[in-house]
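If you want the building blocks of each chain, they are given just below.
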Amino acid sequence: EKGKYEHFMLKEIFDQPKAIEETLDRNLSDGGRVSLYDMTLTKEDFAKFNKICIVACGTAYHAGLVGRNIFEKFVKMPVEVDVASEFRYRDPFVDEKTLFIAISQSGETADTLEALREAKRKGARVLSIVNVVGSTVARESDDVFYTWAGPEISVASTKAYTTQLLSLYLLALYLGDLRGTISEEYYREVVSELSEIPEKLEKVLTLRGDIEKLAKKLYDRDQVFFIGRGMDASVAYEGSLKLKEISYINSFAIAAGELKHGTIALMEPTTIVVALATQSKLFDKMVSNIQEVKARNAHVISIAKEGNTAIEEHSNETFYIPECMDEVSPLLSVIPLQIYAYYVAKEKGCEIDRPRNLAKSVTVE
Ligand code: M6R
């Protein structure tokens with residue numbers, strides 16, 4: 001039920017603090033350890049693997065991109081991420097030393113399922129991150145990590161994405177611990193940061209009114225870019241997909257450092273650039289990228305962490321997310337992008353929960 005919300009998408013955006021809380025509750029012990037009671041993967045099994053391969057489609061793929069950074073950092077192993085429709089046709093190098101991770105909200109996406117079957121045929125161990133209990137992907141996997149987002153009705157995925165991200169963090173902590181690649185101190189720090197996310201999400205959701213006002217002002221622009229570096233680039237892809245799928249605006253995401261290798265040629269005074277600058281180490285680099293697009297008169301909407309006010313003089317608008325560890329910022333920075341997509345689509349009179357040409361679950365190849 002939509003309750004007080006006009007659309008399922010808006011309800012699901014606002015469901016996120018609760019959904020994250022639920023995923024945390026189900027997987028964290030009182031002592032702050034990740035406890036995966038149903039996991040059959042042992043320390044000995046894990047010692048055999050020499051790479052992790054993450055495969056998914058659409059939004060779930062974007063979660064996988066963030067997952068790569070996290071796994072590389074916590075588990076210290078080579079990690080590949082691919083879209084299922086490419087992975088399954090390129091004769092990927094996968095064997096019994098591969099941990100294959102499929103991510104899917106529905107657990108019924110045809111390409112993801114076929115990629116999983118291909119990986120299994122090649123001997124990989126399959127772990128899936130799935131929202132729908134008992135779905136085909138879940139049934140065909142060796143282990144399943146459920147995201148516990150609750151039913152997601154809107155075609156545009158929101159709470160499934162953030163709970164997929166959280167599942168990847170928890171899994172990376174768990175595996176990093178099994179493998180001895182994460183220090184006790186860092187483990188505790190990440191757990192404590194993750195535990196603070198529901199409260200911080202509530203704070204980010206209060207940006208709703210300001211974002212709605214902005215959407216009313218800018219909804220008729222026909223070109224929107226999303227830029228970022230590091231994990232912010234992965235969030236940029238997700239923000240762009242959200243906007244295009246429900247508002248039909250031609251939007252495009254790119255790692256900010258790649259702009260000057262071609263894409264910056266498209267900047268015009270009517271172009272909107274949504275710039276994510278939440279990664280401390282990359283902040284100055286992002287500011288110079290913002291200056292580059294600003295010099296071409298683009299309209300810049302920035303997303304930064306509270307306190308980083310230096311960005312304001314280069315941006316037309318700035319939205320702040322609460323201070324947090326860089327590693328967990330995707331859980332917060334995607335929210336303003338979801339809300340922006342929602343209000344732009346609403347202003348344009350689009351059918352938000354059921355966008356044209358799209359299905360909630362893509363069961364055709
Ligand atoms: O059910 P799945 O997570 O496997 O679905 C994958 C994509 O089809 C899905 O994320 C799609 O990109 C969403 N409509 C995005 O909002």
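Small disclaimer: the values here were computed from a predicted structure and weren't measured.

Caption draft 1: Inspection of the site of the ligand at higher detail. Near the ligand lie 14 residues; those nearest to it are Ser104, Gln105, Ser106, Thr109 and Glu245. The side chain of Glu245 places a nitrogen or oxygen atom 2.3 Å from an oxygen atom of the ligand. In isolation the ligand has 410 Å² of accessible area, and contact with the protein removes 91% of it. Breaking the shell around the ligand down by element, the ones donating at least two residues are α4 (58-75) and α12 (231-247). In terms of residue class, the shell around the ligand is made up of five nonpolar, seven polar and two charged.

Caption draft 2: Summary view of helix α9 (residues 184-195). Across its 12 residues, α9 extends 17 Å between first and last C-alpha, which sits within 8% of the 16 Å expected from 1.5 Å per residue. Restricting attention to buried positions, one finds in α9 the residues Tyr186, Tyr187, Val190, Val191, Glu193 and Leu194. Seen along its axis, α9 keeps its buried residues to an arc of 160°; they face one direction. If you follow the buried residues of α9, they end up packed against α2 (16-27), α4, α8 (159-179), α10 (197-205) and α14 (330-347).

Caption draft 3: Local environment of the packing of α8 against α9. Axis separation between α8 and α9 bottoms out at 11 Å; the angle between their running directions is 160°. Relative to α9, the element α8 is oriented roughly antiparallel. Along this stretch, α8 crosses α9, giving a crossing that reads as left-handed. Contacts from Leu166, Tyr169, Leu170, Leu173 and Asp177 in α8 reach Tyr187, Val190, Val191 and Leu194 in α9. Of the residues belonging to the contact of α8 with α9, the class tally is eight nonpolar, no polar and one charged.

What counts and how
- Residues numbered from 1 in each chain as written.
- Predicted model: local features only at pLDDT ≥ 70, side-chain atom pairs only at ≥ 80, totals over all residues.
- Heavy atoms only, no water.
- Near = heavy atom within 4 Å.
- Polar contact = N/O pair within 3.5 Å; in protein donor to acceptor, adjacent residues only side chain to side chain.
- Areas by Shrake-Rupley, 256 points an atom, 1.4 Å probe, with all protein chains shown as cover.
- Helix = DSSP H or I, 4+ residues; strand = E, 2+ residues; numbered from the N terminus.
- Nonpolar A, V, L, I, M, F, W, Y, C, P; charged D, E, K, R; others polar.
- Expected span 1.5 Å × (residues − 1).
- Buried < 20%, exposed > 50% of the residue type's maximum accessible area, 1.4 Å probe, protein only.
- Arc of directions from axis to C-beta.
- Contact = heavy atoms within 4.5 Å.
- Axes fitted to C-alpha atoms, helices over the stretch in contact; angles between N-to-C directions.
- Parallel < 35°, antiparallel > 145°, perpendicular 65-115°, else oblique.
- Left-handed = near helix turned anticlockwise from the far one by under 90°.

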